[in-house]
Number of protein chains: 2
Amino acid sequence: MTTPTLTRQPRTSYHHGNLEHALIAAATAMIRENGVEHVSLRAVAAQVGVSPSAAYHYFPDKDALISGVGEALFDQLADRQEEAIAALTSRGAVAARARFRALGESYFEWGRSETNLFRLMFGVFCSLDPGEVEQKRLESRAWVILHNCLDDLAATGAMDPALRPYGEILSWSVVHGATSLIVEGHLPEAAFASILDGLELSLGIANGKANGNSK
Amino acid sequence: MTTPTLTRQPRTSYHHGNLEHALIAAATAMIRENGVEHVSLRAVAAQVGVSPSAAYHYFPDKDALISGVGEALFDQLADRQEEAIAALTSRGAVAARARFRALGESYFEWGRSETNLFRLMFGVFCSLDPGEVEQKRLESRAWVILHNCLDDLAATGAMDPALRPYGEILSWSVVHGATSLIVEGHLPEAAFASILDGLELSLGIANGKANGNSK
DNA sequence: CTATTATCTATACATTGTTCAGATACAAAC
DNA sequence: GTTTGTATCTGAACAATGTATAGATAATAG
């Protein structure tokens, strides 16, 4: 909103260099600020300093551009999760609990601070076909991170073994559902901490409020 | 897609009668079929048999029309939930468990069969301001239904009392998150039953697989 | 019957996604 | 180094969209 920028940004060379990447980067920035529904192909092209038609050399249509943005975002989210885990200092059985907590919190924090990008990732534009679900999911970095964390919890006996098979799908559903509902204003922001508490309690992970950042 | 209908539908009287309602109804039908991102104000007006400008007498802009559609949908979802509960025949302590299960399943079934409407309800267009969250939530019929069900579960001792405070937010997050992820293709459809099993188990509701539709 | 008012229409405008013929610059061949 | 070829980008055009404005129409009140 602050920068309409419908006038084309000047450019030195005729060939752009890496237009595909530049288009995705510009589109990401604009979606991040104004939401996916208020982004125009023309504005993205103008920002990059290119004619609207040029985009069609790399993407069949606008939807493809936006999908391209979405795919890259899943990696960004996984980066955040790994950073959050790397920042932890605890060791041993406590570590697994802290990691579990950190995973949920970083997921929520991503949704809270990057709401427009979060909406894009889990909206129509990034919707997967039923065929590729199983494969994509198991390949996804975020899934692997969660999976390993739950394995550690189970190995150190810090989790109800009967619930282990439900670990990934249950945790992901809780954290994603809470984030979505809060982000869209159907639950208050403060509810997230409670929900995480409840999840840990119900999985038999944390005893009481003893969680996280102790050494 | 099947019916473009950009030509205006004929009308008998000059005044439509209840144009506001008719516009919402037509918009709902078109969103239901083609998704909110492929619905045009002009097409909705044409379907009702009215000029595009006529809509601006009842809605300040297109977004307001769509928001109007969304609000009505929350009632439709609550209707489905109440129907699902009313269809149950069990009594006593078993009834509370069966009701809990039915609530989750009807929520998911709504998302699965009415995906485009589900996306609208929990998307940007129906996003609430932080101020009105608490009030709207406690007023919402779906919340009350869930709340009562959990009270019954707690009263009959069919639920871990320590988890009761987390009941609503945890259940809603799980069911909503699972529905969202499945609907957008990030989890397979078959996962929902497992997730519900896991939720019941973790809340201490069902012992093993003994759930639901027993008398 | 007349005047008032709510309701709807016609027209216009800027912006959008998309197409297509052609211009431009780089790379390889001679 | 010149020529040829090819990938890349431009320009103008099109239909469709959301929306504003001025005016037409019909229901209602006096």
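Check the entry above for the structure.
About the criteria used
- Residues numbered from 1 in each chain as written.
- Chains lettered and ligands numbered in written order.
- Predicted model: local features only at pLDDT ≥ 70, side-chain atom pairs only at ≥ 80, totals over all residues.
- Heavy atoms only, no water.
- Helix = DSSP H or I, 4+ residues; strand = E, 2+ residues; numbered from the N terminus.
- Buried < 20%, exposed > 50% of the residue type's maximum accessible area, 1.4 Å probe, protein only.
- Contact = heavy atoms within 4.5 Å.
- Areas by Shrake-Rupley, 256 points an atom, 1.4 Å probe, with all protein chains shown as cover.
- Near = heavy atom within 4 Å.
- Polar contact = N/O pair within 3.5 Å; in protein donor to acceptor, adjacent residues only side chain to side chain.
- Nonpolar A, V, L, I, M, F, W, Y, C, P; charged D, E, K, R; others polar.
- Least-squares fit on C-alpha atoms with pLDDT ≥ 70 in both.
- Salt bridge = Lys/Arg side-chain N within 4 Å of Asp/Glu carboxyl O.
- Phe/Tyr/Trp six-rings, centres within 6.5 Å; stacked < 30°, edge-to-face > 60°.
- Buried area = accessible area lost by both parts, 1.4 Å probe.

Undergrad: Quick question: what am I supposed to make of the overall build of chain A here?
TA: A count of helices and strands for chain A gives 9 helices and 0 strands. The N-to-C order of helical and strand elements in chain A reads α-α-α-α-α-α-α-α-α. Sorting the 215 residues of chain A into buried and exposed places 48% on the buried side. Within chain A, contacts between residues at least 6 apart in sequence are counted, and of these 70% link residues at least 24 apart. When the accessible surface of chain A is summed, it comes to about 10500 Å², and 54% of that surface belongs to carbon and sulfur atoms.

Undergrad: How should I be thinking about the protein's contact with DNA strand D in this particular structure?
TA: Of all residues adjacent to DNA strand D, which total 23 residues, the nearest are A:S51, A:S53, A:Y58, B:R42 and B:K62. When atoms of DNA strand D within 4 Å of the protein are sorted by moiety, sugar and phosphate together comprise 52%. Here a phosphate oxygen of DNA strand D and a side-chain polar atom of A:R8 are 2.9 Å apart. Separating a phosphate oxygen of DNA strand D from a side-chain N or O atom of B:S40 is a distance of 3.5 Å. In terms of residue class, the surface near DNA strand D is built from 10 nonpolar, 7 polar and 6 charged.

Undergrad: Would you explain the protein's contact with DNA strand C in this entry?
TA: Residues in contact with DNA strand C amount to 22 residues; listed here are only the nearest, A:R42, A:Y56, B:S51, B:S53 and B:Y58. Within the contact set of DNA strand C, a base oxygen lies 3.2 Å away from a side-chain nitrogen or oxygen of A:S53. At 2.8 Å from a phosphate oxygen of DNA strand C is found a side-chain nitrogen or oxygen belonging to A:Y56.

Undergrad: What is the right way to look at the relation of the copies chain B and chain A in this model?
TA: The operation relating the pair of chain copies consists of a rotation about an axis and a translation along that axis. Superposition of chain B onto chain A requires a rotation of 180 degrees combined with a translation of 0.0 Å along the rotation axis, giving an RMSD of 0.0 Å. Here the symmetry operator amounts to a two-fold rotation axis. Measuring from the rotation axis to each C-alpha of chain B, the shortest distance belongs to B:G177, at 1.7 Å. A shared interface surface links the copies, since 100% of the contact residues of chain B are contact residues in chain A too.

Undergrad: I tried to follow the pattern of salt bridges on my own but got confused; where do I start?
TA: Pairs can form between side chains of opposite charge whenever their charged atoms are close. All names here are of chain A. Taken as a whole, this structure holds 26 salt bridges over all chains when the rule is applied. One salt bridge in this structure joins D151 and R164, with 2.8 Å as the shortest N-O distance. Linking D151 in helix α7 (residues 141-155) with R164 in the loop between α7 and α8 (167-183), this pair joins segments that are 13 residues apart in sequence. Three or more residues are tied together by salt bridges with common partners; here these are D75, D79, E82 and R141.

Undergrad: Would you mind showing me how to read the packing of aromatic side chains here?
TA: Here the distance between the centres and the angle between the planes together describe a pair of aromatic rings. All names here are of chain A. Enumeration according to the criterion identifies 12 aromatic pairs over all chains in this entry. An angle of 85 degrees between the planes, with centres 6.2 Å apart, marks the rings of Y107 and F118 as edge-to-face. Of this pair, Y107 sits in helix α4 (residues 92-113) while F118 sits in helix α5 (residues 115-121), and the two are 11 residues apart along the sequence. By the burial criterion, Y107 is buried, and F118 matches it. Consider the rings of F108 and F192, whose centres lie 4.2 Å apart with planes at 10 degrees: the pair is stacked. With F108 in helix α4 and F192 in helix α9 (residues 191-203), the pair connects residues that are 84 residues apart, well separated along the chain.

Undergrad: Is there a simple way to think about the interface of chain B and chain A in this case?
TA: Interface size is commonly expressed as the accessible area that is lost once the parts come together. Residue-level contacts link 40 residues of chain B with 40 residues of chain A. For the chain B and chain A pair, buried surface summed over both sides reaches about 3400 Å², with 72% attributable to carbon and sulfur atoms. Here chain B and chain A share 0 salt bridges between them. Remark: the boundary between chain B and chain A carries 4 residue pairs in polar contact (both at pLDDT 80 or more).

Undergrad: What is the right way to read the environment of B:E139 from this model?
TA: Residues and elements named next belong to chain B. Along the chain, E139 falls in helix α6 (residues 133-139). Among the residues examined, E139 registers a relative accessible area of 54% and is labelled exposed. Along the backbone, E139 and E200 are 61 residues apart, and their C-alpha atoms lie at a distance of 26 Å.

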